[in-house]
Amino acid sequence: TPVVNYFCESWVNSGHNVLVINSTTKFPFFYYLLPKKIEQYIESRVGFNLPNKFITKKKFVNQNGVRIYQLPLFKVIPGSIYSDKDIKNHSIEISNKLRKINFIPDVALGHWINPQIKLLSLFKKIYNIKTSLVIHGDLNKRELNLLIDNFENIDRIGFRNLSILKDVEKKIKFDFKNK
């Protein structure tokens, strides 16, 4: 997104070594063959757009000094939580990529709960690093459970705006002000 890009370019310009892993969703091939009307119906039911085929491919770009790897992450059902098996496989793929390019992170930042909170939790354990998550929207029950289950592995949590923070605080009783 433009905001993430702005921060990343600012960090690179300040002398930091920045690497972005963009975990794009890849669905079974038949989703990409659906007629537009059925695709629109599914999108209206799950509340987001199905990704196009372009973002289901592995890709690398260097944008103004920010290295960006697009690594698809498989999901069977739109709107569902990624499986633990798929998250584990994706974390191995990311770790292998980091090892191949000789990159050892000292901080990991994530946006959105699903799949980033599980990935951040794994990378905190693997690399013994600080983690931060930005929550961008209202959380459904599954996402709230992900937050509860992984809360101790996230060092800092931010919210896109105050209303999202207040909504999450109503649903779960964590002290977000010290997080």
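Residues numbered from 1 in each chain as written. Predicted model: local features only at pLDDT ≥ 70, side-chain atom pairs only at ≥ 80, totals over all residues. Heavy atoms only, no water.

1. What about the packing of aromatic side chains?
Thinking step 1. Applying the stated criterion across every chain, the model contains five aromatic pairs.
Thinking step 2. Between the aromatic rings of Y6 and F7, the centroid separation amounts to 5.8 Å while the plane-to-plane angle is 65°, which identifies the pairing as edge-to-face.
Thinking step 3. Take Y6: its relative accessible area is 55%, and that puts it in the exposed class.
Thinking step 4. Taking relative accessible area as the criterion, F7 reaches 41% and is therefore assigned partly exposed.
Thinking step 5. Cluster of aromatic residues (ring-pair linked, three or more members): Y6, F7 and W11.
Thinking step 6. Lying over the aromatic face of Y82, K75 brings its terminal NZ or CZ to 4.4 Å of the ring centre. (Phe/Tyr/Trp six-rings, centres within 6.5 Å; stacked < 30°, edge-to-face > 60°. Buried < 20%, exposed > 50% of the residue type's maximum accessible area, 1.4 Å probe, protein only. Lys NZ or Arg CZ within 6 Å of the ring centre and 35° of its normal.)

2. Looking at the nonpolar core
Thinking step 1. Membership of the largest hydrophobic core comes to 30 residues, with the highest contact counts inside it found for I113, I135 and L147.
Thinking step 2. The leading source of residues in this core is helix α4 (residues 116–127), at four residues.
Thinking step 3. Listed in part, the six residues of the second largest apolar core include C8, V12, V18 and I68. (Core = buried A, V, L, I, M, F, W, Y, C linked by side-chain atoms within 4.5 Å. Helix = DSSP H or I, 4+ residues; strand = E, 2+ residues; numbered from the N terminus.)

3. Here's the deal with a nonpolar patch on the surface
Thinking step 1. A contiguous nonpolar surface patch, about 600 Å² in accessible area, is contributed by V3, Y6, F7, W11, V107 and L109.
Thinking step 2. Listing elements by their share of the nonpolar patch, those giving two or more residues are α1 (2–13) and β6 (107–111).
Thinking step 3. The leading source of residues in the nonpolar patch is α1, at four residues.
Thinking step 4. Tracing the sequence through the fold places L109 in strand β6.
Thinking step 5. On the basis of relative accessibility, which here comes to 46%, the residue L109 falls in the partly exposed class. (Patch = residues over 30% accessible without salt bridge, like charges linked within 9 Å, V, L, I, M, F, W, Y side chains within 5 Å. Areas by Shrake-Rupley, 256 points an atom, 1.4 Å probe, with all protein chains shown as cover. Salt bridge = Lys/Arg side-chain N within 4 Å of Asp/Glu carboxyl O.)

4. Description of the layout of surface pockets
Thinking step 1. In this structure, the second largest pocket encloses a volume near 190 Å³.
Thinking step 2. If you trace the second largest pocket, you find it lined by T1, P2, V3, V4, F7, H111, W112, V134, H136 and R160.
Thinking step 3. No other element matches α1, which puts four residues into the lining of the second largest pocket. (1 Å grid on protein atoms, 1.4 Å probe; cavity = no way out; pocket = protein on both sides within 12 Å on 5 of 7 lines; lining within 4 Å. Points joined across faces, edges and corners; volume = space filled by probe spheres on them.)

5. Topic: the packing of helix α3 (residues 84–100) against α4
Thinking step 1. Put simply, α3 and α4 touch, their axes get as near as 10 Å, and they point 50° apart. In terms of orientation, α3 lies oblique with respect to α4. Handedness of the crossing formed by α3 with α4: right-handed. Two secondary-structure elements touch here, α3 through D84, I87, H90, S91, I94, S95 and L98 and α4 through K118, L119, L122, F123, I126 and Y127. (Axes fitted to C-alpha atoms, helices over the stretch in contact; angles between N-to-C directions. Parallel < 35°, antiparallel > 145°, perpendicular 65-115°, else oblique. Left-handed = near helix turned anticlockwise from the far one by under 90°. Contact = heavy atoms within 4.5 Å.)

6. Observations regarding unusual backbone geometry
Thinking step 1. The residue after N114, namely P115, is reached through a cis peptide bond having omega 15°.
Thinking step 2. By secondary structure assignment, the location of P115 is in the loop between β6 and α4.
Thinking step 3. Non-glycine residue N64 carries a positive phi angle of around 55°.
Thinking step 4. The topology assignment puts N64 in the loop between β3 (59–63) and β4 (66–70).
Thinking step 5. Non-glycine residue N128 carries a positive phi angle of around 55°.

7. A closer look at the packing of α4 against helix α5 (residues 141–150)
Each pair of packed helices gets described by two things: the angle between the helix axes and the distance between those axes.
Thinking step 1. Between α4 and α5, the least distance of the axes is 10 Å, while the angle of their chain directions is 15°. With respect to α5, the element α4 is oriented roughly parallel. Between α4 and α5 the crossing geometry is left-handed. Listed contacts from α5 to I117, K118 and S121 of α4 are L146, L147 and N150.
Thinking step 2. Of the residues contributing to the contact of α4 with α5, the split by class is three nonpolar, two polar and one charged. (Nonpolar A, V, L, I, M, F, W, Y, C, P; charged D, E, K, R; others polar.)

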